[in-house]
Amino acid sequence: MKIIDAYLEYIGIAFILINACLYLSSYIINKKNVTLFFISSYLSISACVVIASSILAYLKLNNLHYSHIYFISQFMFLSLFYKTLFTSNQKKGVNFLIFLVLLTLIIQYIKKPYLINQFNLFEIFITSVPLIIYSITHLYNSLNKKGEYMFLNSGVLLYLTTSTLIFILGDYLSGHENNTAITKIWMINKVLYIVYLILILVEWKKLNSPHKSRL
């Protein structure tokens, strides 16, 4: 089980690095594409956080503080990514949610600074739910027109919906000392993360196909 878990982690690291490099190179070539900037920034920061966390885990050091960078940056850059695809009224909704979420987290960390070195389930929930809403909104918008970034959007909807539930379930089971169940749950999450990264890679290939002229 540990060997499989390790392989899944290595595969995830490989895919996040590949995606970060590919999207960053695409943005460098097309610097006017703001949407690509937000995607490449999200993937680049995620790659750095994943690598740093893995190194600390290997050294058996606490890496939970990196989770805050991951979830908050994911929320920020994906929110801005969806904002570029939304209507003017929907953009206002994104601005409001960004302000509300960041203000809520700032207040929480001021009141409970010790959470910096802990796993913050509330942070995961409050930063993931808006992204799920954005994803569903983008699907709705695409009913009347040809949608953009649909593979990436499908990955966001699939992964964030399931991973949020997995984090909640994992946190609940951790209090019941069911180590076998917890291990299986985190393995499922890693598999879903790899699927998510594959969908992001497929999106990049679609964007860079010979028939695409906008990149």
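Use the structure listed above.
Report follows, based on the coordinates. Here the residue numbering is sequential within each chain, running from 1 through the sequence in written order. Local features in a predicted model are, by the rule used here, given only for residues with pLDDT of at least 70; side-chain atom pairs are given and counted only at 80 or more, and totals for whole chains, interfaces and linings are based on all residues. The side-chain quantities take in all heavy atoms of the structure and omit both hydrogens and water.

1. Some thoughts on the nonpolar core
Right, on to step 1. Ranked by size, the top nonpolar core spans 53 residues in total, and within it Tyr 23, Leu 43, Phe 81, Tyr 149, Leu 152, Tyr 193 and Tyr 196 carry the most contacts.
Right, on to step 2. For helices the rule is a DSSP run of H or I covering at least 4 residues; for strands it is a run of E covering at least 2, with both sets numbered from the N terminus onward. Only helix H1 (2-29), helix H2 (34-58), helix H3 (65-83), helix H4 (88-111), helix H5 (121-141), helix H6 (150-174) and helix H7 (179-207) provide two or more residues apiece to this core.
Right, on to step 3. Considering every element that reaches this core, the biggest residue donor is H7, with eleven residues.
Right, on to step 4. Once residues within four sequence positions are removed from consideration, Tyr 193 is found in contact with Ile 16, Val 50, Tyr 70 and Tyr 159. Side-chain atoms within 4.5 Å link the members of a nonpolar core, which is a set of buried Ala, Val, Leu, Ile, Met, Phe, Trp, Tyr and Cys residues. Each residue is placed in one exposure class: buried if its accessible area under a 1.4 Å probe, protein chains only, is under 20% of its type's maximum, exposed if it is over 50%, and partly exposed if it falls in between. Contacts are assigned to residue pairs with any non-hydrogen atoms lying within 4.5 Å of each other.

2. A closer look at the packing of aromatic side chains
Right, on to step 1. Ring geometry is summarised as follows: Phe, Tyr and Trp rings, the Trp one being its six-membered ring, pair when their centres sit within 6.5 Å, and such pairs are stacked at plane angles under 30 degrees, edge-to-face over 60 and tilted between the two. Tallied over the full model, the rule gives 14 aromatic pairs.
Right, on to step 2. Consider the rings of Phe 71 and Phe 167, whose centres lie 5.7 Å apart with planes at 80°: the pair is edge-to-face. Here the residue Phe 71 occupies a position in helix H3, and Phe 167 occupies one in helix H6, the gap between them amounting to 96 residues. For the pair shown, Phe 71 and Phe 167 are each scored as buried.
Right, on to step 3. Taken together, the aromatic side chains of Tyr 70, Phe 71, Phe 119, Phe 167 and Trp 186 make up a single cluster linked through ring pairs.

3. Points about the environment of Gly 12
Right, on to step 1. Turning to its location among the elements, Gly 12 is positioned in helix H1.
Right, on to step 2. For Gly 12, a relative accessible area of 4% translates into the label buried.
Right, on to step 3. Discounting chain neighbours no more than four positions away, the residues touching Gly 12 are Ile 194 and Leu 197.

4. Considering H3
Right, on to step 1. The terminal C-alpha atoms of H3 lie 28 Å apart, and with 19 residues this matches the ideal 27 Å at 1.5 Å per residue to within 8%.
Right, on to step 2. Residues of H3 that are buried: Ser 67, His 68, Tyr 70, Phe 71, Ser 73, Gln 74, Phe 75, Phe 77, Leu 78, Ser 79, Phe 81 and Tyr 82. The span expected for a helix works out to 1.5 Å for each residue beyond the first.

5. Observations concerning empty space enclosed by the protein
Right, on to step 1. Definitions used throughout: a 1 Å grid over protein atoms alone; a cavity as a set of points that fits a 1.4 Å probe which cannot get out; a pocket as an open set with protein on both sides within 12 Å along at least five of seven lines; a lining residue as one with an atom within 4 Å of a point. Grid points are joined across faces, edges and corners, and a volume is the space filled by probe spheres set on the points. Across all of its chains, the model carries one cavity of 30 Å³ or more by this definition.
Right, on to step 2. As for the largest cavity, its lining consists of Tyr 70, Phe 71, Gln 74, Ile 124, Ser 128, Tyr 159, Leu 160, Ser 163, Thr 164 and Phe 167.
Right, on to step 3. Elements with a minimum of two residues in the lining of the largest cavity: H3, H5 and H6.
Right, on to step 4. The element contributing the most residues to the lining of the largest cavity is H6, with five residues.

6. Structural notes on the pattern of salt bridges
Right, on to step 1. A pair is scored as a salt bridge if a Lys or Arg side-chain nitrogen falls within 4 Å of a carboxyl oxygen belonging to Asp or Glu. Applying the stated criterion to the full structure yields two salt bridges.
Right, on to step 2. Residues Lys 190 and Asp 5 are paired through a salt bridge, measuring 3.0 Å at the closest nitrogen-oxygen approach. Within this pair, whereas Lys 190 is found in helix H7, its partner Asp 5 is found in helix H1, the two being separated by 185 residues in sequence.
Right, on to step 3. Between Lys 190 and Glu 9 there is a salt bridge, with the nearest N and O atoms lying 3.7 Å from each other.

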